[in-house]
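So you can see what is in the structure, the chains are spelled out below.
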Amino acid sequence: MSFSDVLLQGLAPDGGLYLPESWPQLHLEKLKNLVKKEKSYQALASEIIWPFMAGMIKRADLDELVERSYASFNSEEIVPIKRIDDSIWLAELFHGPTLAFKDIALQLVGQLFDYRLAKSSERITIVGATSGDTGSAAIEACRDRDAMDIVILHPHGKTSEIQRRQMTTVASSNVHNIAIDGNFDDCQNLVKAMFLDVEFSEKIKMSGVNSINWARVMAQIVYYWWTSINVADGEAVEFCVPSGNFGNVFAGFGAHQTGLPISRFIVASNSNNVLDRFFRTGSMEARTVSPTLSPSMDIQISSNFERLLFEVLDRNGEKVNLLLRQFRESGLFTIDTRTLDDFKEKWTSACVNDHKTLETIAYIYQETGELIDPHTAVGVTAAIEKQDERSCPVICLATAHPSKFPEAVQVATGIQAELPTNLEGLLEKEENFTVIQNDLNAVQEFILSKIID
Ligand SMILES: *Cc1c(COP(=O)(O)O)cnc(C)c1O
């Protein structure tokens, strides 16, 4: 498959996720020099993304798309880095238009879609599920574009007010919000089922922007290189990543596969700890989702985990397929102890409840004066818990701006985190969304009524 077909298709026809046939090998010294000389996130991004996109685009065009993608960010550094402790750094991934890390990939993916569609004058429908942050980031990346409609499913009443309003107040005729009576996994399953319904997906020319889209993972590889070169000059570091669907931390693994020295990944979960249980026991077992202060991680099925499984099982698709089929049928799969040991060489995990999350928000504020959001706090808690095991810096990914989850920040610190100026007025704007039951037919009918006239 070419990069541009993978971009538009999102999910493979058999329901699997795409990965590059082989990982391009990047030159650490060359990238270090580039960062030192240009001090530009965008220059590094083009250099890293280029080998993945062979043949789709001219280098000068890619440079321009990358520039455009990050023009809307409210920090010139794009991803600023702060030291909060002797060994702990915070990489702020939340300076994009919707205040969460997903903007970093989706702003670029929106540009890539547009570039690709302009060439073929096709019109497509982007359909995605969100637990809160993907939806708004995708809508911001696709709004007002001629060549696409965007339909976003979110779990009714289960996102924060700010998250919902960032989606539902966008007044653009190509944006359609659906609130599903169900949880995030229901939304994600509906999207998967629509992809697999070939007649339907061809009719609406369906495409995806969930973190199952390979291009998003690719775009996220960049900030692992960026932060590690800036913090440790490319020497080994650990990354601590607040995780849900596993797209973010898998991009870190992608950075490692392309040649970045990373000694360990810490996967931090809230009390929906399916990932933490897996890394401790080797069993992946979905349970019911319970709501937490970090709703973007309230997930029991981590789609991108499939990609890591494929790599750890030496790219044996048969084995991956077998395990995932067991998981779909019984909600459980278990790997053997040797494979679990392979995982443990590079991976560790932690589970952080709401109480500890609030304590960490308060502690970091006291110690450093920085406000952090509850997702970031889950990660920082895990990094602190594992401090004794470490001899190198740890970079914690700060995945959302504190003002996106103001209630938790207020409870923990007594401080009202201010929205950045570009989002003022969000709480007064008119909302637009349709509530639909958790039913494939009903959702498909609604989409057809909006798209096909
Ligand atoms: C989406 C999201 C996460 C989880 O990222 P995954 O790639 O799904 O693991 C964590 N924090 C925030 C704020 C998010 O929006």
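Use the structure listed above.
Keep in mind that this is a model prediction, so the values were computed, not measured.

(A) The arrangement of the pairing of strand β5 (residues 175-181) in detail. For β5, the tally of buried residues reaches 6 of 7 residues, placing the bulk of the element in the interior. Judged from the 6 bridges that link them, strand β4 (residues 148-155) and β5 form a sheet pairing that is parallel. Within β5, the residue paired with Leu153 across the bridge is Ile178. What joins β4 to β5 is helix α7 (residues 161-168), and the crossover it makes is right-handed.

(B) Spotlight on the site of the ligand. Neighbouring the ligand are 15 residues; Lys102, Asp133, Gly244, Asn245 and Asn248 lie closest to it. One of the side-chain N or O atoms of Asp133 is found 2.4 Å from an oxygen atom in the ligand. In the model, an oxygen atom of the ligand is placed 2.9 Å from a nitrogen or oxygen of the Phe246 main chain. Coverage of the ligand by the protein chains reaches 97% of its 380 Å² of free accessible surface. Split into classes, the residues belonging to the shell around the ligand amount to 5 nonpolar, 8 polar and 2 charged.

(C) Summary view of unusual backbone geometry. Backbone geometry places Lys39, a non-glycine residue, at a positive phi of 50 degrees. Along the polypeptide, Lys39 turns up in the loop between α2 (28-38) and α3 (41-49). Judged by its relative accessible area of 66%, Lys39 is exposed. A positive phi is found at Asp233, a non-glycine position, where the angle reads about 55 degrees. Counting through the fold element by element, Asp233 comes out in the loop between α10 (214-232) and β7 (237-242).

Rules used throughout
Residues numbered from 1 in each chain as written. Predicted model: local features only at pLDDT ≥ 70, side-chain atom pairs only at ≥ 80, totals over all residues. Heavy atoms only, no water. Buried < 20%, exposed > 50% of the residue type's maximum accessible area, 1.4 Å probe, protein only. Helix = DSSP H or I, 4+ residues; strand = E, 2+ residues; numbered from the N terminus. Pairing = 2+ DSSP bridges. Right-handed = clockwise from strand over helix to strand, strands pointing away. Near = heavy atom within 4 Å. Polar contact = N/O pair within 3.5 Å; in protein donor to acceptor, adjacent residues only side chain to side chain. Areas by Shrake-Rupley, 256 points an atom, 1.4 Å probe, with all protein chains shown as cover. Nonpolar A, V, L, I, M, F, W, Y, C, P; charged D, E, K, R; others polar.

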